[in-house]
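# Chain and residue survey
Here is how the chains run, residue by residue.
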Amino acid sequence: ALIDKGNHRHFMQKEIYEQPVVVAQTLQSYLRPIEQMVALPDMGFDLGSIERVAIVACGTASYVGMIGKYWIERFARIPVEVDVASEFRYRDPVLLPNTLGVVVSQSGETADTLAALRHMKANGVTTAGIINVPTSSMAREVDLLLPTHAGPEIGVASTKAFTCQLAVMAALSVNLARAAGKLSAEEESEIVRHLIEAPAAINAALAHDDEIQAMAGTIAGARDVLYLGRGPDYPLALEGALKLKEISYIHAEGYASGEMKHGPIALIDDNVPLIVLAPSGPLFDKTVSNMQEAQARGAQVVLISDADGLAQAGEDAVATIEMPKVHPLIAPIVYAVPVQLLAYHVAVAKGTDVDQPRNLAKSVTVE
Ligand code: G6P
């Protein structure tokens, strides 16, 4: 068959393992390594006139939007709003002139996102779409199609589409920043260098599969799991919790590290695994202090960080997963891998239907 699992047990596993190749493919269509630039397809409008960005998506794609907010605001200094599509349309959003509306969707057919796209267009908003299926409704209707080249994604839980969407979101962020006059050629070439490293870093993350599998048995027995992250790794904590819920049916929540003390810390005892996503960098110490607050209450911490971070704070964790050291820009692309593998192995340990989890559909074409 054209689409088969190869030597993988599930499509989800195969798609997780395809990421070094498909992310490289996606990046290739946006990076110009010789000029050290990030390029977008030709567009019929001036990116430099954009004064605000509204990103709309559902599910996993909505977390790409949240990460995009961190990137676009940081690099382009343009304000960004992110909404889940089902809320966007009915809250009668304020759509000011010079807004770029961005939809993110693997299928390009999700009913709520498509309706949000049509709402934006009807209100005169210029639109771009980060979309995996080039023949989809959204791909046909956006003003600027920014394709992800992830190839067909069969597993209901999105994996390779997510990391490819992030690669495109990074490219969009850099282009907005350049057009806004906020990015020097040197800064751009540095970002290009980091993005080019992403596929190799994803590969290095995949090398920890066996260790992650080994810890899945313990987590499979948990009733609740918490994921913490800061900055662009906060939406990744949300994605980690969503993946685990979707395929293992374990209740999980993602939280911004600093927000844990405002509620979820009440849940913590020694039966609650706490997955901490913390690349070393400017936010690391803050996240570690939140982690220690939880450890003092018995939380069983799995710390996902790089060698520097683990050397500094790994000692009291029940388990650690070492990621390659990467620039904070690409960290969410790389740290997505352990998050996906953990959900996958926990689901396999529980014996659930990994590729076709109960009550879920790959593409939700009804409101
Ligand atoms: C469904 C899938 C999710 C996906 C969401 C959005 O709920 O189960 O994995 O994130 O739809 O899908 P889209 O095709 O718009 O990215």
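The name given to the protein chain in an unreviewed UniProt entry is Glutamine--fructose-6-phosphate aminotransferase [isomerizing], and the organism recorded there is Sphingomonas colocasiae. One UniProt comment on the protein chain, placed under Subunit (unreviewed entry), says "Homodimer."

## Brief notes about the confidence of the model for the protein chain
Of all residues in the protein chain, 99% have pLDDT values of 70 or greater, and the mean over the chain is 95. Listed scores for the predicted complex are pTM 0.97 and ipTM 0.97.

## Details of the sheet that holds strand E9 (residues 251–256)
With parallel pairing, the five strands of this open sheet are ordered in space as E9-E8-E10-E11-E12. Strand pairing shows two members of the sheet lacking a second neighbour, E9 and strand E12 (319–323), which therefore form its edges. Sheet twist, expressed as the mean angle between neighbouring strand axes with direction ignored, is 15°. Bridge analysis of strand E11 (residues 300–306) against E12 gives five bridges, and the strand direction is parallel. If you follow Ile304 over to E12, its bridge partner there is Ile321.

## Some thoughts on the nonpolar core
In terms of nonpolar packing, the biggest core is built from 123 residues, with Ala167, Ala198, Val276, Leu277, Ile304 and Val334 touching the most fellow members. Contacts of Ile304, omitting those with residues within four sequence positions, involve Ile275, Val276, Leu277, Ala278, Ile321, Met323, Tyr335 and Pro338.

## Things to note about the packing of helix H3 (residues 59–76) against helix H7 (residues 160–179)
Closest axis-to-axis distance for the H3/H7 pair is 9 Å, and the angle between their directions is 25°. With respect to H7, the element H3 is oriented roughly parallel. The two elements H3 and H7 cross, and the hand of that crossing is right-handed. Across from Thr60, Ala61, Val64, Ile67, Gly68, Trp71, Ile72, Phe75 and Ala76 in H3, the residues of H7 making contact are Phe162, Gln165, Leu166, Met169, Ala170, Ser173, Val174, Leu176 and Ala177. The class makeup of the residues in the contact of H3 with H7 is 14 nonpolar, four polar and no charged.

Thresholds applied
Residues numbered from 1 in each chain as written. Predicted model: local features only at pLDDT ≥ 70, side-chain atom pairs only at ≥ 80, totals over all residues. UniProt positions renumbered as here; feature names shortened; annotations may be inferred. pLDDT = per-residue confidence, 0-100. Pairing = 2+ DSSP bridges. Helix = DSSP H or I, 4+ residues; strand = E, 2+ residues; numbered from the N terminus. Axes fitted to C-alpha atoms, helices over the stretch in contact; angles between N-to-C directions. Core = buried A, V, L, I, M, F, W, Y, C linked by C-beta atoms within 7 Å. Buried ≥ 20, exposed ≤ 12 C-beta atoms within 10 Å, placed from the backbone. Contact = placed C-beta atoms within 7 Å. Parallel < 35°, antiparallel > 145°, perpendicular 65-115°, else oblique. Left-handed = near helix turned anticlockwise from the far one by under 90°. Nonpolar A, V, L, I, M, F, W, Y, C, P; charged D, E, K, R; others polar.

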